[in-house]
Amino acid sequence: MKPLPLLFAIVFLSSASSLTAQEATQPSAESVKPGINERFLDTTLDVQEWIGRFEVESREVFSARERVLSACQIQPGMTVADIGAGTGFYSRLFANEVGDQGWVYAVDLSTNFLQHINKQSDADRVQNITCVLGTDRSVRLPAASVDFVFVCDTYHHFEFPQSTLASIYKALKPGGTMVVIDFERIPGQTRDWTLGHVRAGKEVFRKEIEAAGFSLVEEVEIPSFKENYLLRFRKE
């Protein structure tokens, strides 16, 4: 399937509501963490504030970005989905790795983040990123459209993990890979903020992902990680 052209990003954002009726037919479920995404859904969200939080060397997944990128094993020509792309710094790294023959879907709930990614892509003349406005239940990607899915510090933001994982599973090609990075949650060791913010630990998240049809391939050690872990899964 040919990736969506960059121009389509704006069209997709303006027509996202067209999928609401279809999604409404999905089985109902209760949110596992109500309200966790409220600040990102706020139309007054200040992107510069979040750049100051996300794109700083004191944040593990930013300072270790080259190690993480190496662990992802991205190849030229691949199609990558960055789920919960935020300010888009990993999307931009992936765009460089996949090259002119590859493509990156930057998926997020926040229109402000997506608009920023579009503007940054235009400024940097990056032409292989398409922004996609996801929902709390779906990444809204075409079936069998991506080779690799990246979920970095955002799995714990999945309010309806069963539905979101089902949409990711559908979007991945057979044999496709998903890398999940999230926070360790170990009472007595993990800092209090993380214990309150992240609803469950690594084993719970792993079981949820495996229940959605993925197989754990390995846990990859990133030497500088103190608060995070990296798991690689495959769609069999």
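The structure presented is a predicted model; accordingly, all values stated were derived computationally and were not measured.

Asks: Got a minute to help me understand the pattern of salt bridges in this structure?
Replies: Pairs can form between side chains of opposite charge once their charged atoms are near each other. Taken as a whole and assessed by the stated rule, the structure comprises twelve salt bridges. Notably, a salt bridge pairs lysine 202 with glutamate 219, separated by 3.0 Å at the nearest N-O pair. With lysine 202 in helix 11 (residues 202–211) and glutamate 219 in strand 6 (residues 214–220), the pair connects residues that are 17 residues apart, well separated along the chain. Using a relative accessible area of 17% as the deciding quantity, one classes lysine 202 as buried. Residues joined in a network through salt bridges with shared partners are Glu184, Lys202 and Glu219.

Asks: Teacher, can you tell me more about the nonpolar core here?
Replies: The tendency in soluble globular proteins is for nonpolar side chains to be buried side by side. One finds Val68, Phe94, Phe148, Phe150 and Ile181 to be the most contacted residues of the largest nonpolar core, which totals 40 residues. At five residues, helix 7 (residues 89–98) tops the list of elements feeding residues into this core. Once residues within four sequence positions are removed from consideration, valine 68 is found in contact with Tyr90, Phe150, Ile181, Ile222, Phe225 and Leu230. Grouped together as the second largest cluster of nonpolar side chains are 28 residues, Trp103, Ala171, Met178 and Tyr229 included.

Asks: Help me out: how do you make sense of the sheet that holds strand 4 (residues 146–152) in this one?
Replies: Paired through backbone hydrogen bonds, the strands of a sheet run either parallel or antiparallel to each other. Spatially, the seven strands line up as an open sheet ordered 3-2-1-4-5-7-6, and their pairing is mixed. For this open sheet the edge positions go to strand 3 (129–133) and strand 6, each flanked by a neighbour on one side alone. This sheet shows a mean twist of 20 degrees between the axes of neighbouring strands, independent of strand direction. Summarising the sheet, strand 1 (residues 79–83) and strand 2 (residues 103–108) pair through five bridges and their orientation is parallel. Bridging across to strand 2, valine 80 finds its partner in valine 104. In the packing of helix 6 (residues 65–72) onto the sheet, the strands contacted are strand 4, strand 5 (172–183), strand 6 and strand 7 (228–235), and the crossing angle to strand 7 comes to about 20 degrees.

Asks: Got a minute to help me understand the environment of leucine 216 in this structure?
Replies: Tracing the backbone shows leucine 216 in strand 6. On the accessibility criterion, leucine 216 (26% relative accessible area) is partly exposed. Sequence separation between leucine 216 and arginine 232 is 16 residues, and the spatial gap between their C-alpha atoms is 6.1 Å. Apart from residues no more than four positions distant in its own chain, leucine 216 is found in contact with Arg206, Glu210, Leu231, Arg232 and Phe233.

Asks: Mind showing me how you'd approach the packing of helix 6 against helix 7 here?
Replies: The relative placement of two packed helices is expressed as an angle between their axes plus a distance between the axes. One can describe the packing of helix 6 onto helix 7 by two numbers: an axis separation of 11 Å at closest approach and a directional angle of 50 degrees. The angle between the axes of helix 6 and helix 7 places the two elements in the oblique class. When you trace helix 6 past helix 7, the crossing you get is right-handed. Residue-level inspection shows Arg65, Glu66, Val68, Leu69 and Cys72 of helix 6 in contact with helix 7, the latter providing Tyr90, Leu93, Phe94 and Glu97. The residue makeup of the contact of helix 6 with helix 7, split by class, is six nonpolar, no polar and three charged.

Quick notes on the rules
Residues numbered from 1 in each chain as written. Predicted model: local features only at pLDDT ≥ 70, side-chain atom pairs only at ≥ 80, totals over all residues. Heavy atoms only, no water. Salt bridge = Lys/Arg side-chain N within 4 Å of Asp/Glu carboxyl O. Helix = DSSP H or I, 4+ residues; strand = E, 2+ residues; numbered from the N terminus. Buried < 20%, exposed > 50% of the residue type's maximum accessible area, 1.4 Å probe, protein only. Core = buried A, V, L, I, M, F, W, Y, C linked by side-chain atoms within 4.5 Å. Contact = heavy atoms within 4.5 Å. Pairing = 2+ DSSP bridges. Axes fitted to C-alpha atoms, helices over the stretch in contact; angles between N-to-C directions. Parallel < 35°, antiparallel > 145°, perpendicular 65-115°, else oblique. Left-handed = near helix turned anticlockwise from the far one by under 90°. Nonpolar A, V, L, I, M, F, W, Y, C, P; charged D, E, K, R; others polar.

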